[in-house]
Amino acid sequence: MMDRDKPQARSGHAQAASRSREAAPSGAAPDGEIGNDAPAFALSPGLSDGPGGVGQRATPSLAVLAASGLLGVLYLGLVGRLLAFPIGRDENLFIAVSRLWGTGDIYRDFGYNHLPYLPYTLGGLYWLTSTGHFLLLGRLLIAAAWALSIAALWLIARRQRVGFPAFFAAAVLMMGNVLLIGPPGMLVSNNFLPLPFALLAFHFLLVGLDRERPSWIACFVAGVLVSVAVGFKANYIFLAPFLAAATVLAPLSRPLRNRLACGTLPLALGGLTGGIPVLIAMASDPDAFFAHTIRYFTQLQPVYWDHSTEPKIVSVAQKVLLAEDIWTSNATLLALVGAVALVALPLRRRGWRDGLLAVWSWPVVLALALALMGVVISFVPSPSFPQYFVPPIPFLVLLVVLLRARTLGENRLAADALLLSLAFVALLCATSRLGPGLVSLARPGSWVGIKNHGEMRRLVRSAGASSGDTVATLSPLLAMEGGLSVPGEFAPGQFIYRVADYLSPSDRTYWTTTSPTHLVSWLDANRPATILIGGDEPLEQPFADYARSHGYLEFASRPDGTGPVLYRRPLKADDGLE
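Residues numbered from 1 in each chain as written. Predicted model: local features only at pLDDT ≥ 70, side-chain atom pairs only at ≥ 80, totals over all residues. Heavy atoms only, no water.

Enquirer: Summarise the nonpolar core; cite the residues concerned and give the values.
Expert: Within the largest apolar cluster, 169 residues are counted, with the highest numbers of intra-cluster contacts made by Trp146, Phe202, Leu205, Leu239, Ile531 and Phe543. For this core, the leading source of residues is helix 5 (residues 134–160), giving 14 residues. The contacts of Leu239, once residues within four sequence positions are left out, are Ala198, Val226, Ala229, Leu370 and Phe395. (Core = buried A, V, L, I, M, F, W, Y, C linked by side-chain atoms within 4.5 Å. Buried < 20%, exposed > 50% of the residue type's maximum accessible area, 1.4 Å probe, protein only. Helix = DSSP H or I, 4+ residues; strand = E, 2+ residues; numbered from the N terminus. Contact = heavy atoms within 4.5 Å.)

Structural data, given as C-alpha cells:
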C-alpha cells in the first residue's frame, strides 16, 4: 500500500511539487479542491481522484482472492434469494406493461404511471427472447443490476486507489443491507434499477474531471447515465443539478471557460441524449404523459389514500419513525458509522482545521450532498413506504469509499481495520437472508418465476381455457404467465383501477380503465372468457362475486384453495357435464 502511494518523479514543476511533498506525511490524500494555502499534507498536484501516484500492479494475495470468492458467494446467495422471493404487488404493473409494450401506448392504453425506461428495457428483452417466463426474466434483470452496482463500486474504488478492504466493505454493505435485499431490491420494479446507473455516472464524472487528463467524453457518458437513472425513477432527478454544479465548481484550477466546455456542456448534452426516449414520449402525447406521471401522484393518489381505510404513514412524525427504523439499523447504520469514523480519525490526530482539510474534496462533498438530498427526497411521497427510503443508501456507501481515499497515511491501517470490522458485522446480519438464497439457487423448482409459470399453465389447462383467452383480473402477471390475454384496462393491476372513480371528466379520456363502480357494467359489456383471482387483493372480491353469479366455472390451482383461482365462462360443451 505504501509503495503504491509514492509519487513518481517528474521534471520541472512536478519535481518542485515532489520536493514539497517529501516534507508531508506519507499517504497524503488527493487534492484539487483545497486550494494553494492548504497544508503540506493535503495532496499531490495533478491527482484529484485518489491518494498518491499511479498504482503499481501487484499479484492479488491469497487473502484478497479468498475475500473475492466470499463476495462471489454472497452475490450467488443474493441471486438465489431474488429468484425465490415471493411476487410483489408492484410487479403486476411493471411486468405486465413491459410485456404489452409495442402493442399500444404504455400510458393511454396500459395505464403506466412512471417514466418509460423500465418497460422499454424489459419489454425489449421480452421481444428479443420471445420468452413466456416473464417474471423469471424480470428477476434476472434485477440480478444484473446488482452485479452492475457492485462493478460500479469496484470501478470507483479502483479509480480512487483505496485498496481492496474499502471495496470489500462497500460491496458487503450494499449486499448486506436489509432494505435492499428486501422487496425494493428483490422485486421487478423501478426501486433498484436506478442505482447502478447513478453510481456509474459518479464514476465517469470522476474520470471526466481528472486534473491531469480531463475527458469531455466521460462527462458526456456521465450525463447519459444520469438520464437513464432518472428515466427509471423520477425521484433521482436530484442527481442532475448536483453533478452539473460539480463540473463548474470542482476543478477550480482550470479557467471557467474550460470547465464549461469540457465538463458542464458535455454533461448537459449527455443528459439530453440519454433523455431522448422520455422527450419523445412527452412530445408525442403530452396530455396523457403528464396525466399519468404527474397528476396521478399529485391528485389521484392523495384522494385515494384519503378515502382508504388501509394503514398508512402520512404525518411527518410517522415518516421520521419509519426512516429511523430503516436508516439507523443494519448495514445502513454501519455505513453511517464508517463515514463518521473516517472523518473522526484525522480530526483526532490533526485537529479540526487540518483534519477537515484532510478529508475535504469535491467527490466527498458531492457524495455527501447526494446522500443528504436522497434523505430529503425520501420524505416527499405520501403516504410513505419502505422503498421510498432507498435513495440515500448507495451514496452513503459511496461516501465511505471516498472518505477512505482521503485517509492520511498514519490512519490507513486503522481505517482498513474499521471497514473490515463493519463488513464482518454486515455479513453476520445478512447471513440469515443470503444463506438460504444459496439453497434456493441450487433448486430451480423453488424459483418463483418457474414455480408460478408452471402453476398457472397447469391451471389454465385444467380449466379448459385456451392460450390467448381474455381475462379480467387485478393480477395480470399471473394471467400472462398462464398465457391469457390481459386487456389494457387491467394491465396496471390495481393501481389505476382503484383510483379510477376519482378521475376528473377532463382526464378520463387519457386513461383506458374501469373502476370499482363501473366493474359490473364493463364485465357485462365485454364478457371476458376468464376471470382470475390472485388471492392477495381485497379489491378482487367483486370479480369473484360476478363470476359465481353469472355461472362461470371455478377452478382452483391448489387442493387447499390457497392459490390463484380461475373462473371460466361456460361453454356449450360444459352442458353435458352439469
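Structure's up, so let's keep going.
Enquirer: How would you sum up the side chain of His203? Please name residues and give values.
Expert: When you line up the elements, His203 lands in helix 8 (residues 194–208). By relative accessible area, which is 9% here, His203 ends up buried. Look past the residues within four positions of His203 in its chain and what remains in contact with it is Leu155, Ile156 and Arg159.

Enquirer: Explain the packing of helix 8 against helix 9 (residues 216–232) to me, using residue names and the numbers behind them.
Expert: As a packed pair, helix 8 and helix 9 sit with axes 8 Å apart at the nearest point and diverge in direction by 165°. In terms of axis orientation, helix 8 runs roughly antiparallel to helix 9. For the pair helix 8 and helix 9, the sense of crossing is left-handed. Listed contacts from helix 9 to Pro194, Phe197, Ala198, Leu200, Ala201, Phe204, Leu205, Val207 and Gly208 of helix 8 are Ala218, Cys219, Val221, Ala222, Leu225, Val226, Val228, Ala229 and Phe232. Split into classes, the residues belonging to the contact of helix 8 with helix 9 amount to 17 nonpolar, 1 polar and no charged. (Axes fitted to C-alpha atoms, helices over the stretch in contact; angles between N-to-C directions. Parallel < 35°, antiparallel > 145°, perpendicular 65-115°, else oblique. Left-handed = near helix turned anticlockwise from the far one by under 90°. Nonpolar A, V, L, I, M, F, W, Y, C, P; charged D, E, K, R; others polar.)

Enquirer: Provide a residue-level description of helix 2 (residues 62–84), including the pertinent values.
Expert: With 23 residues, helix 2 extends 33 Å from end C-alpha to end C-alpha; this agrees with the ideal 33 Å at 1.5 Å per step. Among the residues of helix 2, those classed as buried are Ala67, Leu71, Leu74, Gly77, Leu78, Val79, Gly80, Arg81, Leu82 and Leu83. The elements touched by buried residues of helix 2 are helix 5, helix 6 (164–175), helix 7 (183–186), helix 18 (412–441) and helix 19 (448–462). (Expected span 1.5 Å × (residues − 1).)

Enquirer: Kindly report on the packing of helix 10 (residues 239–249) against helix 16 (residues 362–378), identifying the contributing residues and their values.
Expert: Packing of helix 10 against helix 16 brings their axes to within 10 Å, and their N-to-C directions diverge by 165°. It follows that helix 10 is roughly antiparallel to helix 16 by the angle criterion. Here the hand of the crossing between helix 10 and helix 16 comes out right-handed. Contact residues: helix 10 offers Leu239, Phe242, Leu243 and Ala246, while helix 16 offers Trp362, Leu366, Ala369, Leu370 and Met373. The residue makeup of the contact of helix 10 with helix 16, split by class, is 9 nonpolar, no polar and no charged.

Enquirer: Describe in detail the packing of aromatic side chains, supporting the description with residues and values.
Expert: Counted by the stated rule, this structure contains 24 aromatic pairs. Consider the rings of Phe197 and Phe232, whose centres lie 5.6 Å apart with planes at 20°: the pair is stacked. On the criterion of sequence distance, the pair formed by Phe197 in helix 8 and Phe232 in helix 9 is long-range, its members being 35 residues apart. Classification of Phe232 as buried rests on a relative accessible area of 4%. Each ring, one from Trp327 and one from Phe389, has its centre 5.3 Å from the other, and the planes form 70°; the classification is edge-to-face. Placement of the pair is Trp327 in helix 14 (residues 316–327) and Phe389 in the loop between helix 16 and helix 17 (392–405), with a sequence separation of 62 residues. Given a relative accessible area of 14%, Trp327 falls into the buried group. With relative accessibility at 0%, the residue Phe389 sits in the buried group. Chaining the aromatic ring pairs together yields one cluster made of Phe94, Tyr107, Tyr112, Phe289 and Phe290. (Phe/Tyr/Trp six-rings, centres within 6.5 Å; stacked < 30°, edge-to-face > 60°.)

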